[in-house]
Amino acid sequence: LDSEGAATAQRWLLELKLAACFGQVDAFNGKVRAGHKLTLTNATRDVCSNATAVVELAEKDWPQAGAFSEEKTGVWKVRIILLLAEAQFAAGQAGEAMREVFRGMSLADFEGDEYERLN
């Protein structure tokens, strides 16, 4: 994916990993809203961890790659953290959710609406 002309493949990889994370968390939230008592599973964490890893790779090696028409890839790390934190709060896992929030707040190089939501 680091060859010349691979921008489309880079964007697709980034978007597919992000979509998988968002879909997995959305399915979890749907079950919580339906009244199921659940904890965030390792599978959900793994899918979102994979998405975060690809975002970090894109930041480092593919600075021109954007996802879903977003210019900055760093915003996706914060969005993933927000997504996981909100799902954990909804499931009654406040301690885990706060760990995610603190992790997001440690991204000092990022500013924007998502970062404000963490505060």
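To be clear, the structure that these remarks concern was listed above.
All of these numbers come straight from a predicted model, not from anything done at the bench.

Conventions and cut-offs
Residues numbered from 1 in each chain as written. Predicted model: local features only at pLDDT ≥ 70, side-chain atom pairs only at ≥ 80, totals over all residues. Heavy atoms only, no water. Disulfide = S-S within 2.5 Å. Helix = DSSP H or I, 4+ residues; strand = E, 2+ residues; numbered from the N terminus. Buried < 20%, exposed > 50% of the residue type's maximum accessible area, 1.4 Å probe, protein only. Salt bridge = Lys/Arg side-chain N within 4 Å of Asp/Glu carboxyl O. Polar contact = N/O pair within 3.5 Å; in protein donor to acceptor, adjacent residues only side chain to side chain. Contact = heavy atoms within 4.5 Å. Patch = residues over 30% accessible without salt bridge, like charges linked within 9 Å, V, L, I, M, F, W, Y side chains within 5 Å. Areas by Shrake-Rupley, 256 points an atom, 1.4 Å probe, with all protein chains shown as cover.

A.B. asks: What am I meant to see in the state of the cysteines here?
C.D. replies: Counting across every chain of the model gives one disulfide. There is a disulfide in this structure between Cys21 and Cys48, and the S-S distance comes to 2.1 Å. Between Cys21 and Cys48 the sulfur-sulfur dihedral comes to about 95°; the bridge is accordingly right-handed. Of this pair, Cys21 sits in helix H1 (residues 7-33) while Cys48 sits in helix H2 (residues 42-61), and the two are 27 residues apart along the sequence. Comparing Cys21 with Cys48 shows no difference in burial state: the two are buried.

A.B. asks: Looking at this structure, how should I read the pattern of salt bridges?
C.D. replies: If the charged atoms of two oppositely charged side chains come close together, the side chains can form a pair. Overall, the coordinates contain six salt bridges when judged by the stated rule. For Asp61, the salt bridge is made with Lys60, and the minimal N-O distance between the two is 4.0 Å. When the shortest N-O distance is used, the salt bridge between Glu96 and Arg99 registers 2.8 Å. In this pair, Glu96 and Arg99 are both assigned in helix H4 (residues 94-105), three residues apart and thus about one turn of the helix distant. The class for Glu96 is partly exposed, based on a relative accessible area of 28%. Accessibility expressed as a relative area gives 52% for Arg99, which makes it exposed. Several salt bridges share partner residues, and in doing so they unite Arg45, Glu96 and Arg99 into one network.

A.B. asks: Would you mind showing me how to read the side chain of Thr44 here?
C.D. replies: Inspection of the secondary structure assignment puts Thr44 in helix H2. By relative accessible area, Thr44 is classed as buried at 3%. Within the structure, Thr44 has its side chain in polar contact with the side chain of Gln24 (distance 3.4 Å). Excluding residues within four positions of it along the chain, Thr44 makes contact with Gln24, Val25 and Leu84.

A.B. asks: Whenever I open this one, a nonpolar patch on the surface confuses me. Can you help?
C.D. replies: Taken together, the side chains of Phe89, Met98, Phe102 and Met105 present a nonpolar region at the surface, about 360 Å² in accessible area. At three residues, H4 tops the list of elements feeding residues into the nonpolar patch. Following the sequence through the fold, Met105 ends up in helix H4.

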